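# Overview (structure and organization)
These are the residues of each chain, in order.
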Amino acid sequence: MQMTSGPTDYQELLHTAMAAAERTAGQGRVADYIPALATADPNAFGMALATVDGDLHGVGDWEQSFSVQSVSKLFSLALVLTHREHQLWRGVGREPSGNPFNSLVQLEKENGIPRNPFINAGALVVTDRLQSLTGDAAGAVRDFLRQESGNPLLDTDPVVAASEAEHGHRNAALAHFIASHGNLENPVETVLDRYYAQCSIAASCRDLALAGRFLARHGLRADGSRLMPGSDAKRINAVLLTCGAYDAAGEFAFRVGLPGKSGVGGGIVAILPGRAAVCAWGPSLDKVGNSVAAVAALDAFTTASGWSVF
Ligand code: DON
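Residues numbered from 1 in each chain as written. Predicted model: local features only at pLDDT ≥ 70, side-chain atom pairs only at ≥ 80, totals over all residues. Heavy atoms only, no water.

### Section: the overall build of the chain
Inclusion rule: Each helix is a run of DSSP H or I of at least 4 residues and each strand a run of E of at least 2, with the numbering of both proceeding from the N terminus. In this setup the radius of gyration rests on C-alpha atoms only. A globule is expected at 2.2 Å times the number of residues raised to 0.38. Whether a residue is buried, partly exposed or exposed follows from its accessible area with a 1.4 Å probe, protein chains only, as a fraction of its type maximum: under 20%, in between, or over 50%, in that order. By the convention used here, residues are in contact when the closest approach between their heavy atoms is within 4.5 Å. Positive charge is attributed to Lys and Arg, negative charge to Asp and Glu, and no charge count is given to His or to the chain ends. Note on charges: their place is set at NZ of Lys, CZ of Arg, CG of Asp or CD of Glu.
Along its length, the chain carries 13 helices and 10 strands. Radius of gyration (C-alpha) of the chain: 18 Å, near the 19 Å computed for a compact globule of 310 residues. With respect to the three principal axes, the spread of C-alpha positions in the chain is 55 × 40 × 35 Å. Each of the 310 residues in the chain was classed as buried or not, and the buried ones make up 59%. Summarising the internal contacts of the chain: among those between residues at least 6 apart in sequence, 71% fall at separations of at least 24. If you average the places of the 24 positive and of the 31 negative side-chain charges in the chain, the two averages end up 7 Å apart.

The following block contains the structure:
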C-alpha cells in the first residue's frame, strides 16, 4: 500500500498534532480501575516519531515514561509469531470483538477461544504461549523494548503490577475461564503474574516509537536483522487496524487511518508502513479506554500530512 507524498517537516507536523491534543484539555478521565494509574497527570502529552531511516523526532513529554498497558500486547504478539512453528492462531482469533476490552461475554459463547489477541482474553493466551516459549513472557517483552529503544533502564513498575494484581478479578476470571476450556498451557497464576508485569512496563513515547518501528520496516529490527517475514508484519498491522483500539477500532480507523494499539496508560502506537512508527500519549481516556489527546493528535497528524494506509 502506497502512502501519498506530503510535507516532510516532521517537527512541524508533531507541533500541529500537539496543538490538536491541547484542544482536548478537560475531556476524558484518567484510568482508575487500576489505582496506581490514577495518579497520572491528566494534562501530560507527548508524541514521538521514528522513521524507517533512523530519524527520531518528538514534542512535549515525549521522553517521560508512562505505563504501557495494552500497548505491550502488540509486542507479545510479535514475539510469539517470531517462533514460526507456533500454532498461535488455533487458540486465538483475528476478528474485531465489538465489545469492551475486558468483556467476559463473548468468551463463553465462543468456547474459550478469544476473538483477537488484543482484547484482554486474547492477550492472556498470547502471554501464555510466550511464557511457554521463553520461560519469562514479561522479561521477553521488556528485553525486546530495551533492545529496540536502546534504553537499558526500561522496566516493569512493580507498584503498578501489584496494583493490577490486587484489582485483577476480571482478568483472573477470564484466565480461569480460558483454562477451563484447555486453552492455557501454564498455570493461571503464572499467566496472570507475567501479564501484569508485561502491562506494567514503563516506557516513553520515544521508546515505543523506536520499538514499534519493525512494523514500519516490514519486519526488520533496529540493528537491521530480520525479526519476522514481511508478510507477518503485514498481518500484525492488519490485526492492529481491525482490533487495536477495541470497540472503537472502526472510529480509530475512520479518524486516524493507521494500524494502532492503545493502552489504558494513555499511550497509542501507530504505524505508517514504509515510513515511520509514531507514539502519542495523554493519560485522559474516552469511554472505551483510548486516550482522548493521543487520538486527536494522531487524527491531526494524518490529516495534516495526508499519510494513511487508505
Ligand atoms: O488488563 C488490564 O486491564 C490492563 N493491564 C490493560 C488494559 C488496557 O490497556 C486496555 N486498553 N485500552
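### Details of empty space enclosed by the protein
The criterion, for reference: Here a cavity denotes a set of grid points, spaced 1 Å apart and computed over the protein atoms alone, in which a 1.4 Å probe fits but from which it cannot get out, and a pocket denotes an open set meeting protein on both sides within 12 Å along at least five of seven lines; residues with an atom within 4 Å of a point are reported as lining. Grid points are joined across faces, edges and corners, and a volume is the space filled by probe spheres set on the points. Gly falls in the polar group here, along with every residue not listed as nonpolar (Ala, Val, Leu, Ile, Met, Phe, Trp, Tyr, Cys, Pro) or charged (Asp, Glu, Lys, Arg).
This structure, assessed with the given rule, holds one cavity of 30 Å³ or more. Taken as a whole, the largest cavity encloses approximately 80 Å³ of empty space. Around the largest cavity, the lining is made up of 13 residues, and of these S103, Q106, L107, I119 and A121 lie nearest the centre. Of the residues that constitute the lining of the largest cavity, the class distribution is seven nonpolar, four polar and two charged.

### Here's the deal with the packing of helix α2 (residues 72–81) against helix α4 (residues 120–134)
Condition: For helices, the fitted line uses only the C-alpha atoms of the stretch in contact; every axis is such a line through C-alpha atoms, and the angle between N-to-C directions lies from 0 to 180 degrees. Note that the term roughly parallel is reserved for angles under 35 degrees, roughly antiparallel for angles over 145, roughly perpendicular for angles of 65 to 115, and oblique for everything else. By definition, turning the near helix anticlockwise from the far helix through less than a right angle yields a left-handed crossing, and turning it clockwise yields a right-handed one.
In contact at an axis separation of 9 Å, α2 and α4 are set at 45° when each is read in the N-to-C sense. Comparing their axes, α4 and α2 come out oblique. Between α2 and α4 lies a crossing whose hand is left-handed. Residues K73, S76, L77, L79 and V80 of α2 lie in contact with α4, whose contacting residues are N120, A123, V126, R129, L130 and L133.

### Focus on the site of the ligand
Stated precisely, the cut-off is as follows: Being near a molecule or strand, for a residue, comes down to having at least one heavy atom within 4 Å of it. Under the rule applied, a polar contact is a pair of N or O atoms within 3.5 Å (in protein, one hydrogen donor and one hydrogen acceptor; residues adjacent in sequence only if both atoms are side-chain atoms). Only the protein chains shown count as cover for residues, and the accessible areas themselves come from Shrake-Rupley with a 1.4 Å probe.
Around the ligand, a shell composed of 14 residues is seen, among which Y33, Q69, S70, E164 and Y195 lie nearest. Here an oxygen atom of the ligand and a side-chain polar atom of Y33 are 2.5 Å apart. S70 is positioned such that a nitrogen or oxygen atom in its side chain is 2.5 Å from an oxygen atom of the ligand. When the free accessible area of the ligand is taken as 340 Å², the share hidden by the protein chains comes to 100%. Class assignment of the residues belonging to the shell around the ligand gives a composition of seven nonpolar, six polar and one charged.

### Thoughts on the nonpolar core
Applied cut-off: Put simply, buried Ala, Val, Leu, Ile, Met, Phe, Trp, Tyr and Cys residues joined by side-chain atoms within 4.5 Å make one nonpolar core.
Membership of the largest hydrophobic core comes to 63 residues, with the highest contact counts inside it found for F75, L208 and F214. The residues touching L208, leaving out its near neighbours within four places in the chain, are F66, V68, V71, F75, L145, A203, V269 and C279. With 28 residues, the next largest nonpolar core counts L14, L49, A245 and V278 among its residues.

### Brief notes about the packing of α4 against helix α8 (residues 188–199)
One way to put it is that α4 packs onto α8 with a least axis distance of 9 Å and a crossing angle of 105°. It follows from the interaxial angle that α4 and α8 lie roughly perpendicular. Across from N120, A123, L124, T127, D128 and Q131 in α4, the residues of α8 making contact are T190, V191, L192, R194, Y195 and Q198. Partitioned by chemical class, the residues of the contact of α4 with α8 number five nonpolar, five polar and two charged.

### Thoughts on α2
Burial within α2 is extensive, with 10 of its 10 residues counted as buried. Among all positions of α2, only S72, K73, L74, F75, S76, L77, A78, L79, V80 and L81 are buried.

### A word on the sheet that holds strand β4 (residues 66–67)
To keep it simple, the criterion reads: Two strands are said to pair when DSSP picks up at least two bridges between them.
Taken together, the three strands give an open sheet; going across it, the order is β4-β6-β5, and neighbouring strands pair in antiparallel fashion. Strand pairing shows two members of the sheet lacking a second neighbour, β4 and β5 (155–156), which therefore form its edges.

### Comments concerning unusual backbone geometry
Its identity is not glycine, yet Q69 carries a phi of approximately 45°, on the positive side. Position of Q69 relative to the elements: it lies in the loop between β4 and α2. Positive phi values are uncommon outside glycine, yet Y246 reaches one of about 60°. Positionally, Y246 belongs in the loop between α11 (230–243) and α12 (249–255).

### Side note on the pattern of salt bridges
Note the threshold: Salt bridge, as applied in this entry: a Lys or Arg side-chain nitrogen positioned within 4 Å of an Asp or Glu carboxyl oxygen.
Applying the stated criterion to the full structure yields 13 salt bridges. In this structure, D143 and R142 form a salt bridge, with 3.0 Å as the shortest nitrogen-oxygen distance. Given a relative accessible area of 21%, R142 falls into the partly exposed group. Measuring nitrogen to oxygen at the nearest pair gives 2.8 Å for the salt bridge that ties D207 to R206. One salt-bridge network, held together by shared partners, links R142, D143, R146 and D155.

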